[in-house]
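Chain by chain, the residues:
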Amino acid sequence: MDTPIRVAVAGAAGRMGREVVRAVVEATGIDLVAAVDRVELGSDAGGDALFAKPGVPITSDLKAALAQCHADVLVDFTIPSSAMGNIEIALHSGVSPVVGTTGLSPADLEQVGKWVSEAGIGTLIAPNFAIGAVLMMEFAARAAQFMP
């Protein structure tokens, strides 16, 4: 049996973060292992959503969460200033970032490129997530298993 992809979500209490949490919880072959945000600390990442709560509390320390949960993928739906730090933490933790945060500048993307080269870990930045976002996230996570 295949090992599930272990997913952490940064921005888990936000509108898009909740949708990512929902998609991960409802998908087969993917497990939600961490939820990070600056608000709603300690509450279940499922919040008041009308789906099964994942039983994953929202925490505020991404670095500690990634070290503890051994995620394969970090999905980031935060703000540019947070996303940059989150990407760096993920890459230094050996975790593949999938970033849906909008507003990253060309200089930010250049910096991310340097971090990716140094870490040798695949990264996906797709700030214009649309209806296929969940599928793209799942495909990226599955592809990450086969790529250095």
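Counting of residues starts from 1 at the beginning of each chain's written sequence and follows it residue by residue. Totals for whole chains, interfaces and linings use every residue, but because this is a predicted model, local features are given only for residues with pLDDT of at least 70 and side-chain atom pairs only at 80 or more, for both listing and counting. Where side-chain values are given, they derive from all heavy atoms of the structure, hydrogens and water being excluded.

Asker: Now, about helix H1 (residues 15-26): what can you tell me, with residues and values included?
Answerer: Along an α-helix, residues three or four apart share an orientation, since each turn contains 3.6 residues. Relative to the 16 Å expected for 12 residues at 1.5 Å per residue, H1 spans 17 Å between its end C-alpha atoms, a close match to the ideal helical length. Burial status follows relative accessibility: with a 1.4 Å probe on protein chains alone, a residue under 20% of its type maximum counts as buried, one over 50% as exposed, and anything between as partly exposed. The helix count covers DSSP runs of H or I at least four residues long, the strand count covers runs of E at least two residues long, and both are numbered beginning at the N terminus. Taken together, the buried positions of H1 are Gly-17, Val-20, Val-21, Ala-23 and Val-24. Taken end-on, H1 shows its buried residues confined to a sector of 165°, consistent with a single buried face. Relative to its buried face, H1 has exposed residues pointing more than 90 degrees away, namely Arg-15 and Glu-26. Helix span, as expected, comes to 1.5 Å for every residue beyond the first. In this description, one arc is meant: the one made by directions from the helix axis to the C-beta atoms.

Asker: Residues and numbers for the layout of surface pockets, please.
Answerer: The space that makes up the largest pocket amounts to roughly 330 Å³. As defined here, a cavity is a set of points on a 1 Å grid over the protein atoms alone where a 1.4 Å probe fits but cannot get out. A pocket is an open set with protein on both sides within 12 Å along at least five of seven lines, and residues line them when an atom is within 4 Å of a point. Lining the largest pocket we find 16 residues, and of these Gly-11, Asp-37, Arg-38, Thr-78 and Ser-82 sit closest to its centre. Mapped by element, the contributors of at least two residues to the lining of the largest pocket are H1 and helix H3 (80-92). Take the lining of the largest pocket: its biggest share by element is 3 residues, from H1. Under the scheme applied here, ten amino acids are nonpolar (Ala, Val, Leu, Ile, Met, Phe, Trp, Tyr, Cys and Pro), four are charged (Asp, Glu, Lys and Arg), and all others, including Gly, are polar. When its residues are assigned to classes, the lining of the largest pocket shows 6 nonpolar, 7 polar and 3 charged. Grid points are joined across faces, edges and corners, and a volume is the space filled by probe spheres set on the points.

Asker: Can you explain the pattern of salt bridges? Please cite residues and give values.
Answerer: We define a salt bridge as a contact between a side-chain nitrogen of Lys or Arg and a carboxyl oxygen of Asp or Glu at a distance within 4 Å. As enumerated under the stated definition, the model contains 2 salt bridges in all. A salt bridge links Glu-19 to Arg-22, with the nearest nitrogen and oxygen atoms 3.7 Å apart. Of this pair, Glu-19 and Arg-22 both sit in helix H1, 3 residues apart, which is roughly one turn of that helix. Overall, Glu-19 belongs to the partly exposed group, its relative accessible area being 39%.

Asker: For H3, give the residues involved together with the corresponding values.
Answerer: With 13 residues, H3 extends 18 Å between its outermost C-alpha atoms, agreeing within 8% with the 18 Å of an ideal straight helix rising 1.5 Å per residue. Every buried residue belonging to H3 is among Ser-82, Ala-83, Met-84, Asn-86, Ile-87, Ala-90 and Leu-91, and all of these are buried. Summarising the contacts, the buried residues of H3 are in contact with strand E1 (5-10), helix H2 (62-69), strand E4 (73-76), strand E5 (96-99) and helix H4 (106-119). Contacts are assigned to residue pairs with any non-hydrogen atoms lying within 4.5 Å of each other.

Asker: For the packing of H3 against H4, give the residues involved together with the corresponding values.
Answerer: Direction vectors running N to C along H3 and H4 enclose 5°, while the axes themselves pass 10 Å from each other. As summarised for this structure, H3 and H4 are arranged roughly parallel, according to the angle between their axes. On H4, the residues touching Met-84, Ile-87, Glu-88 and Leu-91 of H3 are Asp-108, Gln-111, Val-112, Trp-115, Val-116 and Ala-119. For the contact of H3 with H4, the per-class residue count stands at 7 nonpolar, 1 polar and 2 charged. Structural elements are reduced to axes, namely lines fitted to C-alpha atoms, with helices fitted over the stretch in contact, and the angle between N-to-C directions of any two is expressed from 0 to 180 degrees. If an angle is under 35 degrees, it is roughly parallel; if it is over 145, roughly antiparallel; if it lies from 65 to 115, roughly perpendicular; otherwise it is oblique.

Asker: So what's going on with unusual backbone geometry? Which residues, and what values?
Answerer: One non-glycine residue, His-70, lies in the positive phi region at around 55°. Summarising the element assignment, His-70 is placed in the loop between H2 and E4.

Asker: Can you break down the sheet that holds E5 residue by residue, with the values?
Answerer: When DSSP finds two or more bridges between a pair of strands, those strands are recorded as paired. Taken together, 6 strands build an open sheet; the order of strands is E3-E2-E1-E4-E5-E6 and the sheet is parallel. The sheet terminates laterally at strand E3 (58-59) and strand E6 (124-125), the two strands that pair on one side only. Note that strand E2 (residues 30-36) and E3 share 2 bridges and pair parallel. Each residue of the ladder has a partner; that of Ala-35, found in E3, is Ile-58. Where H1 meets the sheet, it contacts E1, E2 and E4, and its direction lies at approximately 155° from that of E2.

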